[in-house]
Amino acid sequence: MKFILSVWRQPSATATGRLVDYPIDGIGADDSFLEVIDAINENLMAQQQEPIAYEMDCREGICGSCSLMINGSAHGPQRATTTCQLYMREFSDGETITVEPWRADALPVIKDLIVDRSAMDRIMQSAGYISVHTGEAPDANEILVSKHRADRAFEAASCIGCGACIAACPNASAMLFVAAKVVQLALLPQGQPERCHRVISMVEAMDREGFGNCSNHYECAEACPKSIPLSVIAHLNREFLQAGLFGREFSAAAHRVVHEE
Amino acid sequence: MSSSILPDARVPGGGMEQKWEHCLDNLHLLSPANKRKKKIIVVGTGLAGASACATMAELGYQVEAFTFHDSPRRAHSIAAQGGINASKNYCNDGDSDFRLFMDTIKGGDFRSREANVYRLAQISGSIIDQCVAQGVPFAREYDGHLDNRSFGGALVSRTFYAKGQTGQQLLLGAYGAMNRQIHLGKVHLHTRSEMLELVLKDGRACGIITRNLLTGEIRSHSADAVVLATGGYSNIYHRSTNAAGSNVTASYRSYRRGALFANPSFTQIHPTCIPVMHAHQSKLTLMSESLRNHGRIWVPVAADDQREARDIPETERDYFLERKYPAYGNLSPRDISSRAVKQVCDEGRGVGALKHSVYLDLQDAIQQHGTAFIEQQYGNLLDMYQHITNVNPYQHPLQIYPAAHYSMGGLWVDYHLMSNIPGLFVIGEANFSDHGANRLGASALMQGLADGYFILPQTIGHYLAENAPVRVSDHDPVFSATVEEAQDRISRLLAIKGKRSVASFHRELGDIMWHHCGMARNQLGLNSAIENISALRAQFWANLNIVGSATDLNQTLEYAGRVADYLEFAELMCRDALAREESCGAHYRAEHQIQGEAKRNDKQFSHVAAWHFQGDANTPQLHKEPLNFDCAKQVERNYR
């Protein structure tokens, strides 16, 4: 197969970027999208030109490093797929494919296709955890969690922090990303003592970082490679409202406001 | 050089059950006020690193954490799929600390340090407690209790799991615990920072040199102790289950500064991975061992059988693991399963277009339990398989082949997890201690978290209290001298201005290692590999092409530095494999076998091989730590 990759090249954060076309031939349908960029890079380097900078690591869809807008879609055309798990069989022979970085003010471009996602880490640092010192834990089976609830918590917890939801959102909102963590921990008994504090802190951190607000475009869940359901955003809003009513220091566990299934 | 370079392993006295308690009771302690004055560098923020950062910060230490990733959550621990072992005996199937210890020792073919492994089993239960308290969403039964499944090399169900994302969920737990300490100002996180060198003063580790991957800035960082949690080196084979960035640099640069490298040739080749399908392929994706709970592995009885799997009747299938190892069957340990897979493929009975894979078949389980059950258990793994291969594994058996996966070898550490260099600690996959010559499934997560949450944060205090070293200033001449060496190496890489890409060298090195220092090794092959590696290294330094500068984000330069280290380290792996004239665990010397099974030589090789760097012009020196087995009897490893 042959393709033309029209790739966003931007030498640095402050430089002006532009799309540059790179034709490539001899690609197999089972080659991965990233292997095609690697092949272009080998060609570029052979001509003493700078290779395309992009991020990847595990190449098995779990580390969340890869982050490409492909033909205008975060992680490309296939649903529930990271860029690294995208194969050329998804494209037509001879196609021109546009490749751009995530686009969001809060995720500025560093170079070419690499963006700075540290804002997402800072949201997590604000309160995206359960505070428990090493050694404080009771026996694991003393905390019972129904299978249904545990499975829903897992579904939310499967976020890989890639930022596709933000890139796909017209408002560059991080609601799906924040909601996934808030909901995971709100569903579990261990998460109750800090439940109100957590949601307020994380939403404040999200606002501080300059992410936009959700206005129900639903693009985020569509783009999510881990199929995190849109319902977590509704759940986040409910958590936020509840915390607003009761206050940041309110301990949900003591007052039985855990939502029954 | 005298043999005194290998220090005492500091294994405490007393009965096996009491050793860890004994060790804890006798550790020197630091007051909370003095802990706050101590600064500890942790390199790597995967399971071991993040859990250590969090716990040491909770204790009051100042922690400086370094990762080459943009976020700690990208560490390759996330890719661990199937589970984490613990001797909770929740299933009431007769499990105990002793059984987990015995399975792990036997799984490692009696080439690990007994006391370390016993401690690992003792700590295993606390890890599950800790992770559940953090909100890690482990799989549960309908009644709300934690669910368990079986893994290779065990006859009990002791593996806790979170679908096929156990590593990801455990890492996010440790990441959360570390984030909390970052928020509190106790951990200072340096992302996109790669460690280039270890700095020593008066024989002690006193800091590191890093390169900022965005700006190219080379910086000195001083501390009272340095912890390496930098993972494994299976990426040396080029195609492996490891992440593209996984590398040996931090460990290898420390080895060049005098740290002993133990059992470097002990590398795990995992039996169930998606095979190489085309020339450009950059990655071999793991299919979790957990699939072997319900999947049956087979090949056609006849060589060159062209029929579709479903057209081959039951009587013409060879379920070779069940046939050869009836007691453990499809859950035989990884080294043994991998060799059996290789053997049937070498016999010409492999399946698939290139005849180099075997079937992992879920049909019987689907018929017995239904598709919904299999989807619930393995859904995300099977989706991944379909994404990559475009084959529906619910309808057709998976095709799998072994791939390089894990490093049992690593820097030598004593019972306190300190290397032979005072002040340099090594945890997780980066050290050698617990898995011997073969690691059992679901044990890597257990070891990483045991080291990070429960062992290192205790033992490091002993070093800091006992020695009370005065922190070396990062303006000390030892830092500027080491910075100069690191800078010089980068300049030399950029000055080559040759024709060949870094990847082409990595591919060629990977081929050499896979063929001569992979699943089967022999003297002739290893000797030729050493020659070929040396020639390839010379070519690398004469004909490498790096475009771009050192003062900018330059991924090719980063990659070149790592491959340069692999090109040296590969030789050490081969030397170790050559010196070990026996077969044990994953180390299979064709000269030492009985009907295809590893033939161990306890008389001569019941030791840890710890290698000491002697300069580029000399071969490294081998030191041996004898392994004594007081508790576990060194028997033949029988899974039949």
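Residues numbered from 1 in each chain as written. Chains lettered and ligands numbered in written order. Predicted model: local features only at pLDDT ≥ 70, side-chain atom pairs only at ≥ 80, totals over all residues. Heavy atoms only, no water.

Quick word on the interface of chain B and chain A
So, step 1. On the chain A side, the residues contacting the 75 residues of chain B number 74 residues.
So, step 2. Contact between chain B and chain A buries roughly 6200 Å² in total, counting both sides, with carbon and sulfur atoms accounting for 50%.
So, step 3. The interface formed by chain B and chain A contains 6 salt bridges.
So, step 4. A salt bridge links Glu 60 of chain A to Lys 283 of chain B; its shortest N-O distance comes to 2.8 Å.
So, step 5. For the pair chain B and chain A, the interface holds 47 residue pairs in polar contact (both at pLDDT 80 or more).
So, step 6. If you tally residues by element for the side of chain B that touches chain A, the top one is helix α6 (residues 166-183) of chain B, at 9 residues.
So, step 7. Looking at the side of chain B that touches chain A residue by residue, the classes come out as 26 nonpolar, 34 polar and 15 charged. (Contact = heavy atoms within 4.5 Å. Buried area = accessible area lost by both parts, 1.4 Å probe. Salt bridge = Lys/Arg side-chain N within 4 Å of Asp/Glu carboxyl O. Polar contact = N/O pair within 3.5 Å; in protein donor to acceptor, adjacent residues only side chain to side chain. Helix = DSSP H or I, 4+ residues; strand = E, 2+ residues; numbered from the N terminus. Nonpolar A, V, L, I, M, F, W, Y, C, P; charged D, E, K, R; others polar.)

So, the sheet that holds strand β17 (residues 424-426) of chain B
Residue and element names in this part refer to chain B.
So, step 1. Spatial strand order, β5-β2-β1-β9-β17: 5 strands in an open sheet with parallel pairing. Looking at which strands have only one partner, the edges of the open sheet turn out to be β5 (187-190) and β17. Taking each pair of neighbouring strands and ignoring which way they run, the sheet shows an average axis angle of 20°.
So, step 2. Bridge count between strand β1 (residues 39-43) and strand β2 (residues 62-66): 5 bridges; the pairing is parallel. Paired with Ile 40 across the two strands is Val 63, which belongs to β2. (Pairing = 2+ DSSP bridges. Axes fitted to C-alpha atoms, helices over the stretch in contact; angles between N-to-C directions.)

Quick look at the domain arrangement of chain B
Residues and elements named next belong to chain B.
So, step 1. According to the domain assignment, chain B contains domain 1 (15-266 + 408-467), domain 2 (270-404) and domain 3 (477-604).
So, step 2. If you average the C-alpha positions of domain 1 and of domain 2, the two centres end up 31 Å apart.
So, step 3. With 27 residues of domain 1 in contact, the opposing surface of domain 2 contributes 29 residues.
So, step 4. Surface buried jointly by domain 1 and domain 2 totals about 2200 Å² across both partners, of which 48% is contributed by carbon and sulfur atoms.
So, step 5. Summed over the three residues of domain 1 that lose the most area to domain 2, namely Gln 81, Arg 239 and Thr 241, the buried surface amounts to 29% of that side. (Domains from an automatic or database assignment.)

Re the pattern of salt bridges
So, step 1. This structure, assessed with the given rule, holds 63 salt bridges over all chains.
So, step 2. Between Arg 507 of chain B and Glu 42 of chain A there is a salt bridge, and its shortest N-O distance comes to 3.5 Å. You can see Arg 507 of chain B sitting in helix α14 (residues 502-516) and its partner Glu 42 of chain A sitting in helix α1 (residues 33-46), one on each of two chains.
So, step 3. Between Glu 194 of chain A and Arg 198 of chain A there is a salt bridge, with its nearest N and O atoms 3.7 Å apart.

Some points on the domain arrangement of chain A
All names here are of chain A.
So, step 1. Once the domains are mapped, chain A shows domain 1 (3-111) and domain 2 (118-255).
So, step 2. The C-alpha centroid of domain 2 is placed 30 Å from the C-alpha centroid of domain 1.
So, step 3. Listed per partner, the contact involves 17 residues of domain 1 and 20 residues of domain 2.
So, step 4. The contact between domain 1 and domain 2 buries some 1300 Å² in all, and 60% of this surface belongs to carbon and sulfur atoms.

Side note on the sheet that holds strand β1 (residues 3-9) of chain A
Each strand in a sheet pairs with its neighbour through backbone hydrogen bonds, running either in the same direction (parallel) or in the opposite one (antiparallel).
All names here are of chain A.
So, step 1. A sheet is described by the order of its strands in space; here 5 strands give the open sequence β2-β1-β5-β3-β4, paired in mixed fashion. In this open sheet, the two strands that pair with only one neighbour each are β2 (18-24) and β4 (73-74).
So, step 2. Summarising the sheet, strand β3 (residues 68-70) and strand β5 (residues 96-101) pair through 3 bridges and their orientation is antiparallel. Paired with Met 69 across the bridge in β5 is Glu 100.
So, step 3. Along the sheet, α1 contacts β1, β2, β3 and β5; its crossing angle with β2, the most-contacted strand, is approximately 90°.

Details of α1 of chain A
So, step 1. Helix length check: α1 of chain A (14 residues) gives 20 Å between terminal C-alpha atoms against 20 Å at 1.5 Å per residue, within 8%.
So, step 2. In terms of burial, α1 of chain A is largely enclosed, as 10 of its 14 residues are buried.
So, step 3. The complete set of buried residues in α1 of chain A reads Phe 33, Leu 34, Glu 35, Val 36, Ile 37, Ala 39, Ile 40, Asn 41, Leu 44 and Met 45 of chain A.
So, step 4. Buried residues along α1 of chain A sit in contact with β1, β2, β3 and β5 of chain A together with α16 (555-579) of chain B. (Expected span 1.5 Å × (residues − 1). Buried < 20%, exposed > 50% of the residue type's maximum accessible area, 1.4 Å probe, protein only.)

Concerning the environment of Ala 250 of chain B
All names here are of chain B.
So, step 1. By the secondary structure assignment, Ala 250 is in helix α7 (residues 249-256).
So, step 2. Since its relative accessible area comes to 6%, Ala 250 is described here as buried.
So, step 3. Remark: the alpha-carbon pair of Ala 250 and Gly 231, spanning 19 residues in sequence, is separated by 9.3 Å.
So, step 4. Sequence-distant contacts of Ala 250, defined by excluding residues within four places in its chain, comprise Met 195, Leu 228 and Thr 230.

Points about the pairing of strand β11 (residues 267-273) of chain B
Residues and elements named next belong to chain B.
So, step 1. In terms of burial, β11 is a largely internal element, 7 of the 7 residues being buried.
So, step 2. Looking at chain direction, β11 and strand β15 (residues 398-407) are connected through 5 bridges and run antiparallel. Bridge pairing links Cys 273 to Tyr 401 in β15.

A word on the state of the cysteines
Residue and element names in this part refer to chain B.
So, step 1. Following the criterion strictly, the structure yields 0 disulfides over all chains and no others.
So, step 2. With no disulfide of its own, Cys 584 lies 12 Å from the sulfur of Cys 517, the closest cysteine sulfur.
So, step 3. Exposure remark for Cys 584: the relative accessible area of 0% places this residue in the buried category. (Disulfide = S-S within 2.5 Å.)

Some points on the packing of helix α6 (residues 195-208) of chain A against helix α8 (residues 231-246) of chain A
All names here are of chain A.
So, step 1. Look at α6 against α8: their axes get within 9 Å of each other, and the N-to-C directions meet at 110°. Judged on the interaxial angle alone, α8 and α6 are roughly perpendicular. For the pair α6 and α8, the sense of crossing is left-handed. Packed against α6, whose contacting residues are Arg 195, Cys 196, Val 199, Ile 200 and Val 203, the element α8 presents Leu 236, Glu 239, Phe 240, Gln 242 and Ala 243 at the interface.
So, step 2. Within the contact of α6 with α8, the residues separate by chemical class into 7 nonpolar, 1 polar and 2 charged. (Parallel < 35°, antiparallel > 145°, perpendicular 65-115°, else oblique. Left-handed = near helix turned anticlockwise from the far one by under 90°.)

Some details on the nonpolar core
So, step 1. Counting 243 residues, the largest nonpolar core has Phe 211 of chain A together with Met 56, Ile 84 and Phe 138 of chain B as its most contacted members.
So, step 2. Here the element with the most residues in this core is α16 of chain B; it accounts for 13 residues.
So, step 3. When residues no more than four places from it in sequence are discounted, the contact partners of Met 56 of chain B are Ile 40, Val 42, Tyr 61, Val 63, Val 227, Leu 456, Pro 457 and Ile 460 of chain B.
So, step 4. Formed by 26 residues, the second largest nonpolar core is a distinct cluster that contains Val 7, Val 20, Leu 44 and Cys 66 of chain A. (Core = buried A, V, L, I, M, F, W, Y, C linked by side-chain atoms within 4.5 Å.)

Comments concerning the side chain of Asp 451 of chain B
Residues and elements named next belong to chain B.
So, step 1. With respect to the helices and strands, Asp 451 occurs in helix α12 (residues 444-467).
So, step 2. Put simply, Asp 451 is tucked away with no salt bridge, and the nearest opposite charge, on Arg 119, sits 5.7 Å away.
So, step 3. At a separation of 2.9 Å, a polar atom in the side chain of Asp 451 contacts the main-chain amide nitrogen of Gly 428.
So, step 4. Only 2.9 Å separates the side chain of Asp 451 from the side chain of Gln 447, close enough to count as a polar contact.
So, step 5. Aside from chain neighbours lying at most four places away, what touches Asp 451 is Leu 417, Ile 427, Gly 428, Asn 431, Leu 456 and Pro 457. (Lys, Arg positive; Asp, Glu negative; His and termini not counted.)

Remarks on the packing of helix α5 (residues 175-187) of chain A against α6 of chain A
Residues and elements named next belong to chain A.
So, step 1. One way to put it is that α5 packs onto α6 with a least axis distance of 10 Å and a crossing angle of 170°. By the criterion of interaxial angle, the relationship of α5 to α6 is roughly antiparallel. Touching Met 175, Val 178, Lys 181, Val 182, Leu 185 and Ala 186 of α5 are Arg 195, Arg 198, Val 199, Met 202 and Met 206, all from α6.

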